[in-house]
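# Residue-level structural notes
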Amino acid sequence: DELRFQTEAAIMNGNGVGKPLGIIASPAFYALERETAGTISGYDLGNMWAHRYAGANDYVWFVSTTIFPALMSMTVGTQPVYMPPGGLSGSPYGTIFGRPVIETEYNPSLGVKGDIVLAAPSQYALISKGGIQSASSIHVKFTTDETAFRFVYRVDGEPAWNDKVSSFYASSDYVSPFVGLLATS
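Residues numbered from 1 in each chain as written. Predicted model: local features only at pLDDT ≥ 70, side-chain atom pairs only at ≥ 80, totals over all residues. Heavy atoms only, no water.

In space, the seven strands of this open sheet follow the order β1-β13-β8-β2-β7-β6-β5, with mixed pairing throughout. Whereas interior strands pair on both sides, the edge strands pair on one side only; in this sheet they are β1 (30–32) and β5 (82–83). Looking at chain direction, strand β6 (residues 94–96) and strand β7 (residues 99–103) are connected through three bridges and run antiparallel. Residue pairing across strands places T95 opposite P100, the latter belonging to β7. Packing of helix α2 (residues 42–50) onto the sheet brings it into contact with β1, β2 (60–63), β6, β7, β8 (116–119) and β13 (178–181), and relative to β8 it is tilted by some 25°. (Pairing = 2+ DSSP bridges. Helix = DSSP H or I, 4+ residues; strand = E, 2+ residues; numbered from the N terminus. Contact = heavy atoms within 4.5 Å. Axes fitted to C-alpha atoms, helices over the stretch in contact; angles between N-to-C directions.)

Below you can see the structure in the form of structure tokens.
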């Protein structure tokens, strides 16, 4: 569980030094200005959706649990933006614009860059080597009657994109398979 946690945390936030380059730290991450500081609005979600790379079809929303009060009250007209698990769609996960909402501990809290991320996992390259290696020794902690354990998992990854790209029709605007919101100032 701890190896999985550290790997997933690096995929979202890693700096690329001795660990994967994370989505949020990547130059391919396109962070948009919030409509209102300190919260997330329907406009923000629509703006993120409009700046996604349309060539991928496996988008998911990675979210911090701290944004759920804002999501639960968000509507477009009279229709809710967020559909909770088992809601009208009957799906086992919540959805925004029909795409899964995945809660993570890796997204920062509300108002911080990356509190909500729209990402296409197919656009992230991940490689591992040899699986998990484990070893134990009774000799390292002999004087305290303890056994030492070591686990090694070799993994690296980074977004398949080096940067966001100019939109086809609006060259002053960008698209990316990794879109989020800027921090509140």
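To continue, consider α2. Restricting attention to buried positions, one finds in α2 the residues D44, L45, N47 and M48. The arc that holds every buried residue of α2, seen down its axis, measures 160°, which confines them to one face. Turned more than 90 degrees off the buried face of α2, the exposed positions are Y43 and A50. Among the structural elements, β1, β2, α3 (68–72), β6, β8 and β13 are those in contact with the buried residues of α2. (Buried < 20%, exposed > 50% of the residue type's maximum accessible area, 1.4 Å probe, protein only. Arc of directions from axis to C-beta.)

We now examine the pairing of β8. Burial along β8 is two-sided: the residues I116 and L118 and V117 and A119 are all buried. Note: β2 against β8, four bridges, orientation antiparallel. Bridged to V63 within β8 is I116.

Next up on the list: the confidence of the model for the chain. For the chain, per-residue confidence averages 91 on the pLDDT scale, and residues scoring 70 or more make up 96% of the total. In the model of the chain, strand β3 (residues 75–76) stands out as the element of lowest mean pLDDT, 80, in contrast to β8, which has the highest, 98. (pLDDT = per-residue confidence, 0-100.)

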